[in-house]
Amino acid sequence: MDGIVSTIITALEAHNVSPQIITFLISMIPLLELRGSIIVAGSILKLPFIQTFAAAVAGNMLPIPFILLFIEKIFNWMKGIDCLKKIPNSIEAKAMKKSEQIEKYGYLGLFLFVAIPLPGTGAWTGSLLAVLFGMKPKKSLLFIFLGVVTAGIIMSLVSFGAINTIVNLFN
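On a predicted model such as this, the values are computed, not experimentally measured, just so you know. (Residues numbered from 1 in each chain as written. Predicted model: local features only at pLDDT ≥ 70, side-chain atom pairs only at ≥ 80, totals over all residues. Heavy atoms only, no water.)

1. Here's the deal with the overall build of the chain
The secondary structure content of the chain amounts to 11 helices and 0 strands. Listed N to C, the secondary structure of the chain is α-α-α-α-α-α-α-α-α-α-α in terms of helices and strands. Taking 171 residues into account, the globule formula puts the C-alpha radius of gyration at 16 Å, and the chain, at 17 Å, falls close to it. Its C-alpha atoms give the chain principal-axis dimensions of roughly 55 × 40 × 25 Å. Within the chain, the proportion of its 171 residues that are buried is 39%. (Helix = DSSP H or I, 4+ residues; strand = E, 2+ residues; numbered from the N terminus. Rg over C-alpha atoms; globule rule 2.2 N^0.38 Å. Buried < 20%, exposed > 50% of the residue type's maximum accessible area, 1.4 Å probe, protein only.)

2. Details of the nonpolar core
In this structure, L34, I64, L110, V114, I144 and V148 are the most contacted members of the largest nonpolar core, which totals 28 residues. Counting only elements with at least two residues in this core, the list comes to α3 (33-43), α4 (49-61), α5 (64-79), α8 (107-115), α9 (123-132) and α10 (137-159). Here this core gets 6 residues from one element, more than from any other, and that element is α5. Those residues within four positions of I144 in sequence are excluded, and the remaining contacts are M61, I64, L68, L110, V114, A123, G126 and S127. Membership of the second largest hydrophobic core comes to 8 residues, among which are V5, I26, L32 and L45. (Core = buried A, V, L, I, M, F, W, Y, C linked by side-chain atoms within 4.5 Å. Contact = heavy atoms within 4.5 Å.)

3. As for the pattern of salt bridges
For the structure on display, the rule yields 2 salt bridges. The salt bridge involving E92 is made with K79; its shortest N-O contact spans 3.0 Å. Here K79 lies in helix α5 and E92 lies in helix α6 (residues 86-97), a separation of 13 residues in the sequence. Judged by its relative accessible area of 29%, K79 is partly exposed. Two residues, K85 and D82, come together in a salt bridge whose shortest N-O distance is 3.3 Å. Accessibility expressed as a relative area gives 34% for K85, which makes it partly exposed. In this structure D82 comes out as exposed when scored by relative accessible area, which is 63%. (Salt bridge = Lys/Arg side-chain N within 4 Å of Asp/Glu carboxyl O.)

4. Considering the side chain of E92
Take E92: its relative accessible area is 15%, and that puts it in the buried class. In this structure, E92 is in contact with F75, K79 and L132, ignoring residues within four places of it in sequence.

5. Focus on the packing of aromatic side chains
Under the criterion given, the structure shown has 3 aromatic pairs. For the pair Y107 and F143, a centre-to-centre distance of 5.5 Å together with 35° between the ring planes defines the contact as tilted. Remark: F143 occurs in helix α10 and Y107 occurs in helix α8; sequence separation between them is 36 residues. (Phe/Tyr/Trp six-rings, centres within 6.5 Å; stacked < 30°, edge-to-face > 60°.)

6. Regarding the packing of α6 against α9
Close contact between α6 and α9 brings their axes to 10 Å; oriented N to C, the two are set at 95°. The angle between α6 and α9 falls in the class roughly perpendicular. Facing α6, whose interface residues are I91, E92, A95 and M96, α9 presents T125, L128, L129 and L132. (Axes fitted to C-alpha atoms, helices over the stretch in contact; angles between N-to-C directions. Parallel < 35°, antiparallel > 145°, perpendicular 65-115°, else oblique.)

This is the structure we're talking about:
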């Protein structure tokens with residue numbers, strides 16, 4: 001993943017794309033999402049916290065309404081084409097392996113799934129799971145947004161050293 005991020009940053013900087021836009025774009029990439037973009041913005045691009053947080057949340061949320069509204073139709077279309085049907089089946093199977101808390105707690109589980117920054121969780125997978133469980137798109141969007149904001153706060157505390165600062169105050 002590091003090579004991909006470095007390539008993206010180098011290519012965009014060569015075209016004078018601002019660090020804020022780079023952060024925004026990285027946060028739209030599945031697997032990286034907000035978590036990766038905040039680390040990149042804070043450590044490599046040296047963006048201030050507020051600019052990083054705003055760009056990361058906005059970029060991470062941009063694809064979510066489209067996923068909630070169209071992923072089922074896209075996957076159904078792909079499943080009708082022999083050479084493509086393995087892709088949605090594989091993505092759905094991987095997502096369902098992580099679905100226990102959503103199945104158990106509903107929208108609160110969806111929020112927690114997106115909010116806790118662990119590998120394989122995030123807004124993209126949370127959106128897919130919301131669709132697979134037949135959750136309402138508008139309500140899902142709200143809980144995913146709250147999860148993205150919470151994950152952004154957690155990642156910002158880690159990336160911008162706030163946790164270290166707080167710990168050092170008590171030492």
